[in-house]
Amino acid sequence: MGTRLRTWAVRGALALVPVLAALYVAGVQIPGSTLVPWQPNMMDLGVYQRVGRIVLDGGDIFDPQGQLPWIYPAFAALLTVPFAVVPFTVAAVVWLVLCTAALAAVLYRLGLSGWRLSLLTTAVILLVQPVRDTLGFGQLAIFLVAAAVLDSMPGRRLLRRRILPEGWLVGAATAVKLTPAVVAAYNFFAGRRRPGLVAFSSFVVATGIGFLLLPAASMQYWLKLASGDSGLNSGIVFASNQSVLGVWNRLTGAPSRGGIILSALVVVLGLAAAVLMHRAGQVALALCLAGFTSLLASPISWSHHYVWVVPLAVVLWQARDLPAYLRLPGLGYAAWVAVAPFMWLPSGDNVELTYAPWQQVVDNIGVVAGVLLLAGSLATALGPWGRTRAAAAQEQPAQA
């Protein structure tokens, strides 16, 4: 019994360390937060809590009431209700614990465990800018990445058997925010039809629940989206918007059809790269490429949305069989995203349109590097290395 207690005590300590790191980051990351007394300025979580109360009261979830707006579908609003019935501090602690658990689950899927899992989770929380800001704002980016990784990435699992079919988590995440749809599309075009179709079905069911319980809000959201209104269109030019469309707007001064076409081409490029890398046996990398495609091609991808950098960095580090000309620049790109030097530039009030050339380079080079990673992955998969790996992957089932 003594040995068992010591084992659980060690496990508890290892789990507590990254949680304490998350509590620390939330107390210092965003202006207006204080560490002692612990009062995090988790603005997005505040929006979620406010919307949860509006859902319970039967009000209009899209009425900002002079505060930050709600920009997600009605189904997502339903998920905020549990946070509306507890004090904000309690909601904040629960949110941070769940985010930490989701991040640790991603790293566990990638093969880490024990003290290594605790150490790397803690290091990611303290050092990776997208993760720090996600925790500081009380944002949901970690959950979206975890949904895709835990649903579709091969690796070690906590449960021996799935409770629900593969694809349902990606579909539910897409009903919260549309970007995970790229992962579902990747699964489908990579020949994994069933997970792709399950994701689509899960998305339809979840969205249908939103229409059933919040019909007016659902109609309002989808009509606005169909008209091109994301709810944050004025922020496309911001320095922290690390999307292709953001770069286009900063360089040209205004949104135009050219930026939209370029974003669509990035979707095609990224899906092709992910599918061919999948066929070459690099399934984990393929999933990360699909995740980054969703960010690069989305109209708005704030820097804290780039939590995909965590699995990408680990996958590239572990993939020693990848050609060095792809793997090493990919790790360099992951380091750039993790540090996010563009966040030190002045931002807001369209100051981005007056950037000096060197500031434009700092702000936009990460997006260009991300597109080059997709293009390099596609070229590698189409080249001799990729053809050899794809042929070997096709022969394995036959030999089995």
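Shown above is the structure to which this text applies.
The rules we used
- Per chain, residue numbering runs from 1 following the sequence as it is written.
- Given that this is a predicted model, residues contribute local features only at a pLDDT of at least 70 and side-chain atom pairs are listed and counted only at 80 or more, while totals for whole chains, interfaces and linings are drawn from all residues.
- Excluding hydrogens and water, the side-chain values take into account all heavy atoms of the structure.
- Numbering of helices and strands runs from the N terminus, with a helix taken as a DSSP run of H or I at least four residues long and a strand as a DSSP run of E at least two residues long.
- Only protein chains enter the accessibility calculation, which uses a 1.4 Å probe; a residue whose area is less than 20% of its type maximum is buried, one above 50% is exposed, and one in between is partly exposed.
- Note on contacts: a residue pair qualifies if any of its non-hydrogen atoms lie within 4.5 Å across the two residues.
- Salt bridges are counted wherever a side-chain nitrogen of Lys or Arg sits within 4 Å of a carboxyl oxygen of Asp or Glu.
- Helix span, as expected, comes to 1.5 Å for every residue beyond the first.
- Axes here refer to lines fitted to C-alpha atoms; in helices the fit is confined to the stretch in contact. Angles between the N-to-C directions go from 0 to 180 degrees.
- Any angle that is under 35 degrees is reported as roughly parallel, and any over 145 degrees as roughly antiparallel; angles of 65 to 115 degrees are reported as roughly perpendicular and all others as oblique.
- Gly counts as polar in this scheme, as do all residues outside two lists: the nonpolar Ala, Val, Leu, Ile, Met, Phe, Trp, Tyr, Cys and Pro, and the charged Asp, Glu, Lys and Arg.
- Handedness of a helix crossing follows the sense of rotation of the near helix relative to the far helix, less than a right angle counterclockwise being left-handed and clockwise being right-handed.
- Working definition: a ring pair exists when centres of Phe, Tyr or Trp rings (six-membered ring for Trp) sit within 6.5 Å. Plane angles under 30 degrees give stacked, over 60 give edge-to-face, the rest tilted.
- Counting as a charge over the ring demands two things of the Lys NZ or Arg CZ atom: a distance within 6 Å of the ring centre and an angle within 35 degrees of the ring normal.

### Let's talk about the side chain of S202
Okay, step 1: Along the chain, S202 turns up in helix α11 (residues 193-213).
Okay, step 2: A residue is classified by how much of its surface remains accessible, and S202, at 15% relative accessible area, is buried.
Okay, step 3: Residues in contact with S202, not counting those within four places in the same chain, are G167, W168, G171 and A172.

### Focus: the pattern of salt bridges
Okay, step 1: Applying the stated criterion to the full structure yields five salt bridges.
Okay, step 2: R162 is paired through a salt bridge with E166; the nearest N and O atoms lie 3.7 Å apart.
Okay, step 3: Between R389 and D321 there is a salt bridge; the shortest N-O distance is 3.0 Å. Of this pair, R389 sits in helix α19 (residues 384-399) while D321 sits in the loop between α16 (309-318) and α17 (324-339), and the two are 68 residues apart along the sequence.
Okay, step 4: Among the residues examined, R389 registers a relative accessible area of 29% and is labelled partly exposed.
Okay, step 5: Taking the relative accessible area as the measure of exposure, D321 reaches 36% and is therefore partly exposed.
Okay, step 6: Look at the salt bridges and you will find they share partners, linking D151, R162, E166 and R192 into a network.

### Concerning helix α1 (residues 2-28)
Okay, step 1: Here α1 is 27 residues long and its end C-alpha atoms lie 39 Å apart, about the 39 Å a rise of 1.5 Å per residue gives.
Okay, step 2: Residues P18, V19, A21, A22, V25, A26 and G27 constitute the buried set of α1.
Okay, step 3: Elements in contact with the buried residues of α1: α5 (88-109), α6 (114-127) and α7 (129-137).

### Things to note about the packing of α11 against helix α12 (residues 215-226)
Axis angle and axis distance: for two packed helices, these are the angle between their axes and the distance between the axes, and together they describe the pair.
Okay, step 1: It is the contact of α11 with α12, at a shortest axis distance of 5 Å, that shows an interaxial angle of 125 degrees. The pairing of α11 with α12 is recorded here as oblique in orientation. Taken together, the residues of α12 that come into contact with α11 (itself represented by F203, T207, G210, F211, L212 and L213) are P215, S218, M219 and W222.
Okay, step 2: Of the residues that constitute the contact of α11 with α12, the class distribution is seven nonpolar, three polar and no charged.

### Some words on the side chain of Q49
Okay, step 1: Position of Q49 among the secondary structure elements: in helix α2 (residues 43-57).
Okay, step 2: In this structure, Q49 is in contact with F83, A84, V86, P87, F88 and A91, ignoring residues within four places of it in sequence.

### Things to note about the packing of helix α15 (residues 283-297) against helix α18 (residues 357-382)
Okay, step 1: Two elements in contact, α15 and α18, have axes whose closest approach is 11 Å; the angle formed by their N-to-C orientations is 140 degrees. Classified by the interaxial angle, the pair formed by α15 and α18 is oblique. Along this stretch, α15 crosses α18, giving a crossing that reads as left-handed. Residues L289, T293 and L296 of α15 pack against V367, G370, V371, L373, L374 and S377 of α18.
Okay, step 2: Among the residues making up the contact of α15 with α18, the classes are represented as six nonpolar, three polar and no charged.

### Section: the environment of S113
Okay, step 1: Tracing the sequence through the fold places S113 in the loop between α5 and α6.
Okay, step 2: Judged by its relative accessible area of 33%, S113 is partly exposed.
Okay, step 3: Considering only alpha carbons, one finds S113 and R156, 43 residues apart in sequence, at a separation of 10.0 Å.
Okay, step 4: With near-sequence residues (within four places) excluded, S113 lies in contact with Y108 and R156.

### Describing the packing of aromatic side chains
Okay, step 1: On inspection of all chains with the given rule, the structure shows twelve aromatic pairs.
Okay, step 2: Here F83 and W95 contribute two aromatic rings whose centre-to-centre distance is 5.3 Å and whose plane-to-plane angle is 70 degrees, an arrangement assigned as edge-to-face. A residue pair is termed long-range when its members are at least 10 positions apart, and F83 in helix α4 (residues 81-84) and W95 in helix α5 qualify at twelve residues.
Okay, step 3: Overall, the relative accessible area of 12% leaves F83 in the buried class.
Okay, step 4: Taken together through their ring pairs, the aromatic side chains of Y48, W70, Y72, F83, W95 and F143 make up a single cluster.
Okay, step 5: Directly above the ring of F188 sits R193, whose terminal nitrogen or CZ lies 4.7 Å from the centroid.
Okay, step 6: For R320, the ring lying beneath its charged end belongs to W317, and the centroid distance is 4.9 Å.

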